[in-house]
Amino acid sequence: MSEEKIPYKIYLSEAEIPKQWYNMRADMKNKPAPLLNPGTLQPLKPEELAPIFCEELIAQELNDTDAYIDIPEEIQAYYKTYRPSPTMRAYHLEKALGTPAKIYYKFEGNNTSGSHKLNSAIAQAYYAKKQGLKGVTTETGAGQWGTALSMACAYFGLDCKVYMVKVSYEQKPFRREVMRTYGASVTPSPSMETAVGRKILEQHPGTTGSLGCAISEAVEVATTNEGYRYVLGSVLNQVLLHQSVIGLEAKAALDKYGIKPDIIIGCAGGGSNLGGLIAPFMGEKLRGEADYRIIAVEPASCPSFTRGKFAYDFCDTGMICPLAKMYTLGSGFIPSANHAGGLRFHGMSTILSQLYHDGYMEACSVEQTSVFEAAEQFARTEGILPAPESSHAIRTAIDEALKCKETGEEKTILFGLTGTGYFDMVAYEKFHDGEMTDVIPTDEDLQAGFDGIPKFPGNEF
Ligand SMILES: *Cc1c(COP(=O)(O)O)cnc(C)c1O
């Protein structure tokens with residue numbers, strides 16, 4: 001197919017929205033390690049997870065065998081309101097860079113929540129409603145997940161209680177109002193409303209919070225209120241499963257023009273957008289049908305893959321959640337308060353952790369000022385104002401395209417543009433005013449986090 005025929009936006013039709021999610025675990029030889037009960041150190045049984053999570057979502061969480069799982073009609077109907085999302089060719093950015101590389105991006109910011117998180121929020125809210133629950137609790141960091149879940153709960157008529165990391169709650173008052181518009185209640189975390197919040201505040205007075213703290217609070221509220229369950233917007237296997245719609249659509253769009261990416265790049269916080277984007281490509285790689293270079297990009301201030309340990313650890317600061325085997329900085333790790341770019345979770349999806357450990361993907365870390373430089377260059381050329389999280393992937397896509405400029409290679413790059421940055425203008429302001437700095441944790445800082453990883457036979461790291 002000749003170059004000129006590839007449009008700026010490759011749209012699929014409504015009928016081409018995936019009707020099944022793809023579960024990478026089915027094709028993994030080494031399955032991700034099971035969640036453990038922190039008391040007994042034995043793999044968690046579905047009945048032990050039932051007080052925390054919805055039943056159907058537990059089944060998805062533990063399903064390592066079914067490659068395809070049907071998307072219920074009700075969820076498909078909601079997907080049709082904002083999907084398929086476009087796969088874009090970054091012609092303007094390529095020209096500005098003077099690169100022979102061909103750059104594509106899958107844009108997930110075209111919905112009111114402004115990110116890919118709605119893909120899983122609507123699924124999780126659906127299963128909670130189907131189980132007859134009153135409502136769900138959750139945490140939110142930058143606010144995208146809380147917003148997506150609020151929208152999904154409004155749609156299905158569920159109550160929604162959001163614990164929002166305090167630093168974001170203060171920096172992003174408009175996020176809070178969007179969530180309240182959709183009917184959610186929003187509490188800054190750590191709060192005095194929960195036992196775990198009071199304990200964290202006692203130990204760390206004046207803390208600006210972390211996702212790990214907010215998770216502990218949301219889980220406590222879910223397990224102590226009748227008719228409530230906890231839902232999580234990243235990290236979990238079920239979330240990567242739901243996010244596979246991103247990759248399935250991107251692959252279908254590229255296949256239409258016979259395009260095969262050489263390099264696939266995504267930012268990694270808990271791993272859900274990256275896990276979703278790479279899913280069908282990784283499936284081919286796992287089955288030996290094709291090869292792709294896959295790169296996870298993380299902030300240098302929260303470097304789980306590149307400097308973390310592969311070990312069983314708690315997913316939350318309060319240490320009340322199950323243990324997951326993942327690349328982790330320790331559940332007590334809290335990134336520097338001047339880190340503005342999201343992706344601040346201490347751990348990583350167990351699926352991606354296993355794939356990284358087995359050499360199926362690479363990881364790199366980037367500093368936040370260089371991330372905002374890339375964000376600005378992207379905004380000025382492609383027009384879209386990117387979320388800081390997404391801009392980590394932009395940074396690395398630009399770097400890879402510039403390498404092609406040096407070598408003259410015409411590589412095809414696909415990256416995930418996970419969302420828009422309208423609520424991140426305080427961070428952009430800091431960048432513009434020259435007040436943004438790059439704080440990279442020292443080995444000693446990281447060691448303090450590693451010291452908090454539980455020690456037991458078989459968990460050497
Ligand atoms: C939440 C979020 C991320 C990071 O989460 P993952 O689970 O790693 O995908 C990235 N980009 C945006 C816009 C987000 O809202």
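Calculation criteria
Residues numbered from 1 in each chain as written. Predicted model: local features only at pLDDT ≥ 70, side-chain atom pairs only at ≥ 80, totals over all residues. Heavy atoms only, no water. Phe/Tyr/Trp six-rings, centres within 6.5 Å; stacked < 30°, edge-to-face > 60°. Buried < 20%, exposed > 50% of the residue type's maximum accessible area, 1.4 Å probe, protein only. Helix = DSSP H or I, 4+ residues; strand = E, 2+ residues; numbered from the N terminus. Lys NZ or Arg CZ within 6 Å of the ring centre and 35° of its normal. Axes fitted to C-alpha atoms, helices over the stretch in contact; angles between N-to-C directions. Parallel < 35°, antiparallel > 145°, perpendicular 65-115°, else oblique. Left-handed = near helix turned anticlockwise from the far one by under 90°. Contact = heavy atoms within 4.5 Å. Pairing = 2+ DSSP bridges. Near = heavy atom within 4 Å. Polar contact = N/O pair within 3.5 Å; in protein donor to acceptor, adjacent residues only side chain to side chain. Areas by Shrake-Rupley, 256 points an atom, 1.4 Å probe, with all protein chains shown as cover. 1 Å grid on protein atoms, 1.4 Å probe; cavity = no way out; pocket = protein on both sides within 12 Å on 5 of 7 lines; lining within 4 Å. Sits in = over half its atoms within 2 Å of the grid points. Nonpolar A, V, L, I, M, F, W, Y, C, P; charged D, E, K, R; others polar. Arc of directions from axis to C-beta. Points joined across faces, edges and corners; volume = space filled by probe spheres on them. Domains from an automatic or database assignment.

Caption draft 1: A look at the packing of aromatic side chains. In total, this model carries 20 aromatic pairs according to the counting rule given. Their ring planes at 70 degrees and their centres at 5.1 Å tell us that Y126 and Y127 sit as a pair that is edge-to-face. By the burial criterion, Y126 is buried, and Y127 matches it. Considering the side-chain rings of F378 and F415, the 6.1 Å spacing of their centres and the 75 degrees angle between planes classify their relative orientation as edge-to-face. Remark: F415 occurs in strand β15 (residues 412-417) and F378 occurs in helix α15 (residues 368-382); sequence separation between them is 37 residues. In this structure, F378 and F415 share a single accessibility class: buried. Looking at K260, its charged tip hangs above the ring of Y292, at a distance of 4.6 Å from the centre. A cation over an aromatic ring shows up here: K309 above the ring of F450, its NZ or CZ 4.9 Å from the ring centre.

Caption draft 2: Spotlight on the packing of helix α3 (residues 73-82) against helix α5 (residues 118-130). Running from N to C, α3 and α5 point in directions that differ by 150 degrees, and their axes come no closer than 10 Å. One element, α3, and the other, α5, form an angle in the roughly antiparallel class. Our pair here, α3 against α5, has a crossing hand that is right-handed. On α5, the residues touching E74, I75, Y78, Y79 and Y82 of α3 are L118, N119, I122, A123, Y126 and Y127.

Caption draft 3: Here's a closer look at the pairing of strand β6 (residues 135-140). In terms of burial, β6 is largely enclosed, as six of its six residues are buried. Side-chain alternation along β6 places G135, T137 and E139 on one buried face and V136, T138 and T140 on a second face that is also buried. Relative to strand β7 (residues 159-165), β6 runs parallel, the two being bridged by six bridges. The residue bridging T140 from the neighbouring strand is M164, located in β7.

Caption draft 4: Molecular detail of the environment of I71. Mapping I71 onto the fold places it in the loop between β3 (68-70) and α3. Counting along the chain gives 52 residues from I71 to A123, while the straight-line C-alpha distance between them is 8.5 Å.

Caption draft 5: Structural view of the site of the ligand. Surrounding the ligand, one finds 17 residues, the nearest of these being K117, S234, S272, N273 and T418. Take G269: an N or O atom from its main chain is 2.7 Å from an oxygen atom of the ligand. Between an oxygen atom of the ligand and a side-chain N or O atom of N273, the distance comes to 2.7 Å. Contact with the protein chains covers 94% of the free accessible surface of the ligand, which is 390 Å². According to the grid-proximity analysis, the pocket containing the ligand is the largest cavity. Grouping the constituent residues of the shell around the ligand by class yields four nonpolar, eleven polar and two charged.

Caption draft 6: Representation of the packing of helix α2 (residues 55-62) against helix α11 (residues 237-256) in the model. Two elements in contact, α2 and α11, have axes whose closest approach is 8 Å; the angle formed by their N-to-C orientations is 85 degrees. In terms of axis orientation, α2 runs roughly perpendicular to α11. Every residue of α11 that contacts α2 at L57, Q60 and E61 is listed here: N237, Q238, L241 and H242. By residue class, the composition of the contact of α2 with α11 is two nonpolar, four polar and one charged.

Caption draft 7: Layout of helix α9 (residues 195-203). Buried within α9 we find V196, G197, I200 and L201. Viewed along the axis of α9, the buried residues span an arc of 135 degrees, placing them on a single side of the element. Away from its buried face, by an angle of more than 90 degrees, α9 presents the exposed residues K199, E202 and Q203. For α9, the secondary structure elements touched by its buried residues are α7 (166-171) and α10 (211-224).

Caption draft 8: Spotlight on the sheet that holds β15. The strand order across the open sheet built from seven strands is β1-β4-β5-β15-β10-β11-β14, with neighbouring strands paired in mixed fashion. Two strands close off the open sheet at either side, each with one partner strand: β1 (9-10) and β14 (362-366). Taken together, the six bridges between strand β5 (residues 102-107) and β15 define a ladder with parallel strand orientation. Within β15, the position partnered with I103 by the bridge is I413.

Caption draft 9: Highlighting empty space enclosed by the protein. For the structure shown, the criterion picks out seven cavities of 30 Å³ or more. Approximately 450 Å³ is the volume attributed to the largest cavity. If you go around the largest cavity, you meet 32 residues; those closest to its centre are K117, L211, S234, G270 and L343. Counting residues per element, the ones that place at least two in the lining of the largest cavity are β6, α6 (144-156), α10, α12 (272-286) and α16 (388-407). Counted by class, the lining of the largest cavity contains ten nonpolar, 18 polar and four charged residues. The residue makeup of the lining of the largest cavity includes at least three contributed by each of domain 1 (3-18 + 83-114 + 244-450) and domain 2 (20-69 + 117-230). Every residue lining the second largest cavity is counted, 14 residues in all, and those nearest its centre are S168, H339, A340, G342 and R344.

Caption draft 10: A look at unusual backbone geometry. Residues R83 and P84 are joined by a peptide bond in cis, for which omega reads -5 degrees. Secondary-structure assignment places P84 in the loop between α3 and β4 (87-89). At the junction of S189 and P190, the peptide bond is cis and its omega measures out at 5 degrees in the coordinates. Positionally, P190 belongs in the loop between β8 (185-189) and α9. The backbone of L41 shows a phi angle near 60 degrees, a positive value even though the residue is not glycine. Relative to the helices and strands, L41 is located in the loop between β2 (20-22) and α1 (46-49). Backbone geometry places V235, a non-glycine residue, at a positive phi of 65 degrees. Note on placement: V235 falls in the loop between β9 (228-230) and α11.

The values are spatial; any link to function lies outside them.
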